[in-house]
Amino acid sequence: MGALSGSVLAVEGGASNPWINLEYLSDNWDRIVPYLGEHVRLTLISVLLGTVLALPLSVVAHRLRYAAGPILGASTLLYTIPSLAMFAFIAPITGLTPTTVIIGLVLYSLVILVRNFLAGLQSVPADVREAARGMGYGPVQLFFKVEVPLALPSFMTGLRVATVSTVALVTVGVIIGQGGLGQLIVVEGFRRNYFKAPIVFGTILCVLLALLLDQILAYVERRLTPWTQRRAT
Amino acid sequence: MDSTAGHVNAFEGALRYLNDPLNWTRNNGILDLMGDHLAISGLAMLFGLLVALPLGIWLGHTGRGGSFAVGISNTSRAVPTLAILTIMAITPLGFTIWAPVIALAVFAVPPILANTYVGFREVDRDVLEAARAMGMGEGQVILRAELPLAMRLITTGVRTAAVQVVATATLAALLAGGTLGRIIRSGFGTQDYGEVLAGALLVALLALLTEVVLAGVGWALTPGLKRIPFRGWFRRGGAPAETEEALAALPVGEVARPTV
């Protein structure tokens, strides 16, 4: 409560506990950077693995009509499971390791990616496929030269959403001591006498990281799909 | 403990935990925690709806602020729910249930707002013209033409928000909240994977139940031709329509909708 949050924490901030405390940032930079690095590492590994797994799954769901229902159904089910429960399900197997967090985050990003990849593949108009076949494209050529480029915008949207969501979700890893910046927010901040500076800077760094990665992917998207610029409404 | 055998033991432990009536009825037991969990989630949804629905209807009806409605839905994803929960927990509201309620309400707004806005915008302009030609006033156009036609998307947004709120309420237990997540946390605290798993099962079940119940409510509220929720999961060959349904079940912005 108010009385508690105003209480003393001599180690780091002195008696005062302001929301914005730039001194904390400069004094503790060496402590913060490893958390940030771990956050980036967990995010990138999870999204990368998710992408690698989502590609074949979405192609299967696209090609085999009867597989689409179960794959999408299973992914909805997965997405409904709260992250804390997800890590709790996995932890008895892989323990209090980064692997637990990565498995959970891969599963979540998989859900977003498969849906977007599939939506992209399904958005390719039938006449375009027809025309490509008429021009003599085989199935492989059709896939790489027609379907993939046309599905790319939806693809990239999925990748951006998955990346931004993953950055936010990493924080929940704090339940097993692997939360990246979440450690800064909860362990260094909240559980150390409600020390506000790490909470505020942890939050800001999380948001900045998400926005930065999103902008990088947006740039990649523009370079990969120059034709969408003209069509944008 | 960290092998598949560990998982089997944990599963047995979870069943034992859930089988003990005392774990349900004692002070801060499952029933207590579930009550708090539901109260926090329900209040958060109430506040979220009170803000997002009127705003979404107004923006959608007038066609104003579309980029705002969809934009905050996308931006809100970048803010970790845990961070907002923590920040709310160190405000003067601190350890009352209003801290998590407000934090969760903030995250309930974007999906409802975006889906309501898009639902209203996607109503066929000809239908509105016809409604006006029949002599409907603006209020009637909203209530009797736009709202029913937008209902499927609105209920989808509400469902998305509710599942997210119930899931995020779990995280309040990492701070000071007395929600079901506390069982998971206490299990980790005492290295009791049975308790961890029991908590995870309860939390997952509650989220699934929220999804299923609200899918049913959405189905009941949507007028006209409708599909039975979840049917496509179990049927072969129903892919295109069912896929579309599953994709539509995502909050706006999560999927680049196929451009026709």
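Criteria and cut-off values
- Residues numbered from 1 in each chain as written.
- Chains lettered and ligands numbered in written order.
- Predicted model: local features only at pLDDT ≥ 70, side-chain atom pairs only at ≥ 80, totals over all residues.
- Helix = DSSP H or I, 4+ residues; strand = E, 2+ residues; numbered from the N terminus.
- Contact = placed C-beta atoms within 7 Å.
- Rg over C-alpha atoms; globule rule 2.2 N^0.38 Å.
- Buried ≥ 20, exposed ≤ 12 C-beta atoms within 10 Å, placed from the backbone.
- Core = buried A, V, L, I, M, F, W, Y, C linked by C-beta atoms within 7 Å.
- pLDDT = per-residue confidence, 0-100.
- Expected span 1.5 Å × (residues − 1).
- Axes fitted to C-alpha atoms, helices over the stretch in contact; angles between N-to-C directions.
- Parallel < 35°, antiparallel > 145°, perpendicular 65-115°, else oblique.
- Left-handed = near helix turned anticlockwise from the far one by under 90°.
- Nonpolar A, V, L, I, M, F, W, Y, C, P; charged D, E, K, R; others polar.

**Some points on the overall build of chain B**
Scanning chain B from N- to C-terminus turns up 11 helices and zero strands. Listed N to C, the secondary structure of chain B is α-α-α-α-α-α-α-α-α-α-α in terms of helices and strands. Within chain B, contacts between residues at least 6 apart in sequence are counted, and of these 73% link residues at least 24 apart.

**Quick word on the overall build of chain A**
Scanning chain A from terminus to terminus reveals 11 helices and zero strands. Reading chain A from its N terminus to its C terminus gives the helix and strand order α-α-α-α-α-α-α-α-α-α-α. Relative to the 2.2 N^0.38 estimate, which gives 17 Å for 233 residues, the radius of gyration of chain A is 22 Å and therefore markedly larger than a compact globule would have. Taken along the three principal axes of its C-alpha coordinates, chain A extends 75 × 45 × 25 Å. Here chain A holds 233 residues, and 48% of them are scored as buried.

**Overview of the nonpolar core**
Membership of the largest hydrophobic core comes to 134 residues, with the highest contact counts inside it found for Phe-87 and Ala-88 of chain A together with Leu-104, Ala-108 and Val-165 of chain B. A total of 15 residues in this core trace back to one element, the largest contributor, which is helix H6 (residues 98-122) of chain A. Residues contacting Ala-88 of chain A, with those up to four places away along its chain left out, are Ile-184, Val-196, Leu-197, Gly-199 and Ala-200 of chain B.

**Here we look at the confidence of the model for chain A**
Reading fine detail from the predicted coordinates is not recommended where pLDDT is low. Residues and elements named next belong to chain A. Residues with a pLDDT of 70 or more make up 91% of chain A, whose mean pLDDT is 88. Mean pLDDT values over the elements of chain A span from 40, in helix H1 (residues 2-5), up to 95, in helix H3 (residues 29-63). Below pLDDT 50 for its whole length, residues 1-14 participates in 22 contacts with residues either more than four positions away or in separate chains.

**A closer look at H6 of chain A**
Here H6 of chain A is 25 residues long and its end C-alpha atoms lie 35 Å apart, about the 36 Å a rise of 1.5 Å per residue gives. Most of H6 of chain A sits inside the fold, with 22 of its 25 residues counted as buried.

**Some details on helix H7 (residues 126-134) of chain A**
Residues separated by three or four positions in an α-helix point in the same direction, a consequence of the helix having 3.6 residues per turn. Among the nine residues in H7 of chain A, zero count as buried, and that is only a small part of the element. Directly after H7 of chain A, the chain includes Gly-136 of chain A, whose backbone phi takes a positive value near 95°.

**Let's talk about the confidence of the model for chain B**
Residues and elements named next belong to chain B. Chain-level pLDDT for chain B is 85 on average; 84% of the residues reach the 70-or-more range. Within chain B, no element has a lower average pLDDT than helix H11 (residues 239-248), which sits at 45, and none a higher one than helix H3 (residues 30-62), at 96. Across residues 236-260, confidence stays below pLDDT 50; counting only partners more than four residues off in sequence or on other chains, it has 56 contacts. Model confidence for the complex: the whole-complex pTM is 0.85, and ipTM, which rates the interface, is 0.86.

**Examining unusual backbone geometry**
Glycine aside, the phi torsion of most residues is negative, and most peptide linkages are trans. Residue and element names in this part refer to chain B. Backbone geometry places Asn-28, a non-glycine residue, at a positive phi of 60°. Here Asn-28 is to be found in the loop between helix H2 (21-25) and H3. Asn-28 gets classed as exposed once you count the C-beta atoms within 10 Å, which come to 12. Notably, Gln-191 is not glycine yet its phi reads approximately 60°, a positive angle.

**Re the packing of helix H10 (residues 196-224) of chain A against helix H5 (residues 81-89) of chain B**
The contact between H10 of chain A and H5 of chain B brings their axes to 10 Å, and the two run at 155°. It follows from the interaxial angle that H10 of chain A and H5 of chain B lie roughly antiparallel. Read as a crossing pair, H10 of chain A and H5 of chain B show a hand that is left-handed. For the pair formed by H10 of chain A and H5 of chain B, the contact residues are Ile-199, Gly-202, Thr-203 and Cys-206 of chain A on the first element and Ala-83, Thr-86 and Ile-87 of chain B on the second. Partitioned by chemical class, the residues of the contact of H10 of chain A with H5 of chain B number four nonpolar, three polar and no charged.

**Quick word on the environment of Leu-43 of chain B**
Residue position: Leu-43 of chain B is located in helix H3. Taking C-alpha positions, Leu-43 of chain B is 9.0 Å from Trp-98 of chain B, a pair spaced 55 residues apart along the chain.

**With respect to the environment of Gly-50 of chain A**
Residues and elements named next belong to chain A. Mapped onto the fold, Gly-50 is located in helix H3. When the C-alpha atoms of Gly-50 and Ser-109 are compared, they prove to be 5.6 Å apart, with 59 residues separating the residues in sequence. If sequence neighbours within four positions are ignored, Gly-50 has contacts with Val-106, Ser-109, Leu-110, Leu-113 and Ala-162.

**Focus on the packing of H3 of chain A against helix H4 (residues 65-80) of chain A**
Residue and element names in this part refer to chain A. Between H3 and H4, the shortest axis-to-axis distance is 5 Å and the interhelical angle comes to 130°. Judged by the inter-axis angle, H3 sits oblique to H4. Counted together, Leu-57, Val-60 and Ala-61 of H3 and Ala-67, Ala-68 and Ile-71 of H4 form the full contact between these two elements. Within the contact of H3 with H4, the residues separate by chemical class into six nonpolar, no polar and no charged.

**Quick notes on the environment of Ile-97 of chain B**
Residues and elements named next belong to chain B. Mapping Ile-97 onto the fold places it in the loop between H5 and helix H6 (98-121). Classification of Ile-97 as partly exposed rests on a count of 18 C-beta atoms within 10 Å. Separated by 54 residues in the primary sequence, Ile-97 and Leu-43 have C-alpha atoms spaced 9.7 Å apart. Those residues within four positions of Ile-97 in sequence are excluded, and the remaining contacts are Asp-36, Ala-39 and Ile-40.

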